[in-house]
Amino acid sequence: MATWANLGLQDSTSPLMEQLNFFHDHTLLILTMITILVGYIMGMLMFNNFTNRFLLHGQTIEIIWTVLPAIILMFIAFPSLRLLYLMDEINTPSLTLKSIGHQWYWSYEYSDFLNLEFDSYMIPTNELETSGFRLLDVDNRIILPMNNQIRILVTATDVLHSWTIPSLGVKVDATPGRLNQLNFLMNRPGLFFGQCSEICGANHSFMPIVIESVPMNFFIKWIISMTN
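Summarised in this report is the structure supplied together with it. Predicted model, so just to flag it, every value in this text is computed and none were measured.

Reading guide: rules and limits
- Residues numbered from 1 in each chain as written.
- Predicted model: local features only at pLDDT ≥ 70, side-chain atom pairs only at ≥ 80, totals over all residues.
- Heavy atoms only, no water.
- Helix = DSSP H or I, 4+ residues; strand = E, 2+ residues; numbered from the N terminus.
- Rg over C-alpha atoms; globule rule 2.2 N^0.38 Å.
- Buried < 20%, exposed > 50% of the residue type's maximum accessible area, 1.4 Å probe, protein only.
- Contact = heavy atoms within 4.5 Å.
- Areas by Shrake-Rupley, 256 points an atom, 1.4 Å probe, with all protein chains shown as cover.
- Lys, Arg positive; Asp, Glu negative; His and termini not counted.
- Charge placed at Lys NZ, Arg CZ, Asp CG, Glu CD.
- Pairing = 2+ DSSP bridges.

Turning our eyes to something else, we now look at the overall build of the protein. Secondary structure summary: the protein contains three helices and ten strands in total. Along its sequence from the N terminus, the protein presents helices and strands in the succession α-α-β-β-β-β-β-β-β-β-β-β-α. Relative to the 2.2 N^0.38 estimate, which gives 17 Å for 228 residues, the radius of gyration of the protein is 24 Å and therefore markedly larger than a compact globule would have. Reported as C-alpha extents along the three principal axes, the dimensions of the protein are approximately 90 × 40 × 35 Å. With 228 residues in all, the protein has 33% of them scored as buried. Taking the contacts inside the protein whose residues are at least 6 apart along the sequence as the reference set, 64% of them involve residues at least 24 apart. Accessible surface, the protein as shown: approximately 14,600 Å² in total, 62% of it carbon and sulfur. The protein carries 10 positive and 18 negative side-chain charges, and their two centres are separated by 7 Å.

Given below as structure tokens:
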């Protein structure tokens, strides 16, 4: 989760988010180089007076300042397109989870098991334990196994919502009458927090998402306890 004075992205939980972090740093480095170069040229023009009375046109420099930005954009576009296709790729999932957005809470269904579904509400501040996270903790967390491909199907019953976990690098709209899907893999255990990222009404900021990533044996024990 985001912590106090954290100006960067959250620590990655999935290989996809690691790649997004690398792409962010890669693009930021290119932007920094462009900013320094343009700033240096503008400074030179302000503090120096260059004149050339024989210069009528400069085809060479025009070719350079047309081709060079195109090459720089290619260095940004190719990694971006690669990540875009990776995010849409659905690998063979080990587990399918269905998430349904309501005003203003989430419902979850484990489609691979019979009668395993529950609602997830934010815990009010006056009921929160000392170790809880204000406005982020829920009464029923999503329990998922780590190191497994998870497919999530997202929809809504009333208005637009958005199912988002920043540390996983996933964000998908929950649209009434439409089923969206995405794929992710968690490579470490822990609690991962997210919130609805669509302005869905008065209590939009009070429908958080909490995923608890656990080893497979803990997940199997939880499934047995929930289905019995």
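On we go from here.
Residue W104 follows Q103 across a cis peptide bond; omega there is -5°. Located in the positive-phi region is N115, a residue other than glycine, with phi close to 55°. In this fold, N115 is placed in the loop between β2 (105-110) and β3 (117-120). Among the residues examined, N115 registers a relative accessible area of 76% and is labelled exposed. A positive phi angle, close to 65°, is found at L135, a residue other than glycine. Structurally, L135 can be placed in the loop between β3 and β4 (142-145).

Now for the pairing of strand β6 (residues 161-165). Most of β6 is tucked away: five of the five residues are buried. Because side chains alternate across β6, one face comprises the buried residues H161, W163 and I165, and the other comprises S162 and T164, equally buried. Note that β6 and strand β7 (residues 170-174) share five bridges and pair antiparallel. Considered in β7, the bridge of T164 is made with K171. Once β6 ends, the chain turns through four residues before running back antiparallel as β7, passing G169 with a positive phi of about 70°.

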